[in-house]
Amino acid sequence: MTLFQAILVPACVLVAVVVSVRTMRGSLSHWSGLCWTVTWLATAFFIAAPSALTTVARWLGIGRGADLVLYFAVLTGLGIALYYYGRFRRLEELVTGLIRREALEGARLGGSSSANELHTSDSKLPRS
Amino acid sequence: MNSGTSSRLDGAGKAAALASSGEHTWVIVPAFNEGSRILRVLDELTTVVANVVVVDDGSTDDTGLNVLSRSVWLVTHPVNLGQGAAIQTGIDFALARGAAYIVTFDADGQHRVQDIAVLLSSLESTGADFALGSRFLGSTKGMPVSRRLLLKLAVVFTWVMSGVKLTDAHNGLRAMTGRGAASLQIRHNRMEHASEIIDQIKHSGLTYTEVPVQIRYNADTLAKGQRMSDAIRLALRILLRRVVR
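Every value quoted in this text rests on a predicted model; they were computed, and no experiment measured them. (Residues numbered from 1 in each chain as written. Chains lettered and ligands numbered in written order. Predicted model: local features only at pLDDT ≥ 70, side-chain atom pairs only at ≥ 80, totals over all residues. Heavy atoms only, no water.)

With that out of the way, let us pick up the interface of chain A and chain B. The partner chain B presents 28 residues to the 28 residues of chain A that form the contact. With both chains or domains summed, chain A and chain B bury close to 2,300 Å², and 61% of this area falls on carbon and sulfur atoms. At the surface where chain A touches chain B, the tally comes to one salt bridge. Its salt-bridge partner being A:Glu93, residue B:Arg187 comes within 2.8 Å of it at the nearest N-O pair. Our count for the chain A to chain B interface comes out at nine residue pairs in polar contact (both at pLDDT 80 or more). (Contact = heavy atoms within 4.5 Å. Buried area = accessible area lost by both parts, 1.4 Å probe. Salt bridge = Lys/Arg side-chain N within 4 Å of Asp/Glu carboxyl O. Polar contact = N/O pair within 3.5 Å; in protein donor to acceptor, adjacent residues only side chain to side chain.)

Turning next to unusual backbone geometry. Even without being glycine, B:Asn33 reaches a positive phi, approximately 50 degrees. With relative accessibility at 27%, the residue B:Asn33 sits in the partly exposed group. (Buried < 20%, exposed > 50% of the residue type's maximum accessible area, 1.4 Å probe, protein only.)

This next bit is on the confidence of the model for chain B. Residues and elements named next belong to chain B. Residues at a pLDDT of 70 or more form 87% of chain B, whose mean pLDDT is 86. Per-element averaging of pLDDT across chain B places helix α1 (residues 11-21) at the bottom with 50 and strand β3 (residues 73-77) at the top with 98. Confidence estimates for the predicted assembly give a pTM of 0.79 and an ipTM of 0.82. (pLDDT = per-residue confidence, 0-100. Helix = DSSP H or I, 4+ residues; strand = E, 2+ residues; numbered from the N terminus.)

Should the sulfur atoms of two cysteines be covalently bonded, the bond is a disulfide. Residue and element names in this part refer to chain A. Considering all chains together, one arrives at zero disulfides over all chains under this definition. Among the cysteines around Cys12, which has no disulfide bond, Cys35 carries the closest sulfur, lying 17 Å off. Among the residues examined, Cys12 registers a relative accessible area of 6% and is labelled buried. (Disulfide = S-S within 2.5 Å.)

Another aspect to go through is the pattern of salt bridges. Pairs can form between side chains of opposite charge once their charged atoms are near each other. According to the stated counting rule, one finds eleven salt bridges over all chains in the structure shown. It is possible to trace a salt-bridge network through shared partners that takes in A:Arg89, A:Glu92, A:Glu93 and B:Arg187.

See the structure below:
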């Protein structure tokens, strides 16, 4: 076993254990916890046995294990980016709705009757 | 209707009539850091329409204070959200106050108040729910070549994405009926809203018409215009939103 393997394999297993404990304590959903635990254990396994990764890559028709890792990393990265973009969009819509509501409640008429606040009890105002 | 219907009317005459008859017509002016230009726009607008709402989109200059010196409504976003969000806020405000017709009008002085009456008359004469201003049907002069190219690309992009063939897809001067406005739910906060509105018009099944309008191009109104890099970013955001809802 190389130094790299000696450090990373226990580290990955430790992370898998932490994720499992957090899942059992309810900090993570069962599905999410299972996925992360499997991912970390698989990472530990393929670091410990690189030839197994090459076997899987050949079986998938890719050839090299390094290429398999690269494709997987790119696709996972894209997936994560899209997931967080979606979350960002939903959060932005939520914030926009709150800001809009506050803005509408504070509408003012200028001119001679300046600072004519539109009262928040105005039932005509939209709420979203 | 539905494509390029021209309604060239006597804008000045109609504008005068609008002042007395436009009780249920609201003009929405989204504004961001327009302190130096907003008063000129409001002074022109208040001569032809009774109901004006300025949506100050988180300006850091004196836009809001200036607006309050005129007899118009001011709605203030505490932070800058973008023109699309400001227009939707203005639509919500106007509809809550019983608007029968709503006009969107830019705060930088590039639009002419005479064209408001032309748009509204077009809605009435054609029975359409949306009257979209088109500078390419009108007699716009002084448009830079780069801007013309950008706008033509936007037309093609909108055609491809929405299947709606317009002559001007990104004109901020448009009018709509209350029914048309109520059908809109602008979710793109920034400049993509122009394409989104066209998309929503198509999916709502409501009718639209294009109306010739004139855009004033000068150093002042060109100062905040869209650049090619903005357009590319805008197109990417629209494409991304098609993937991630």
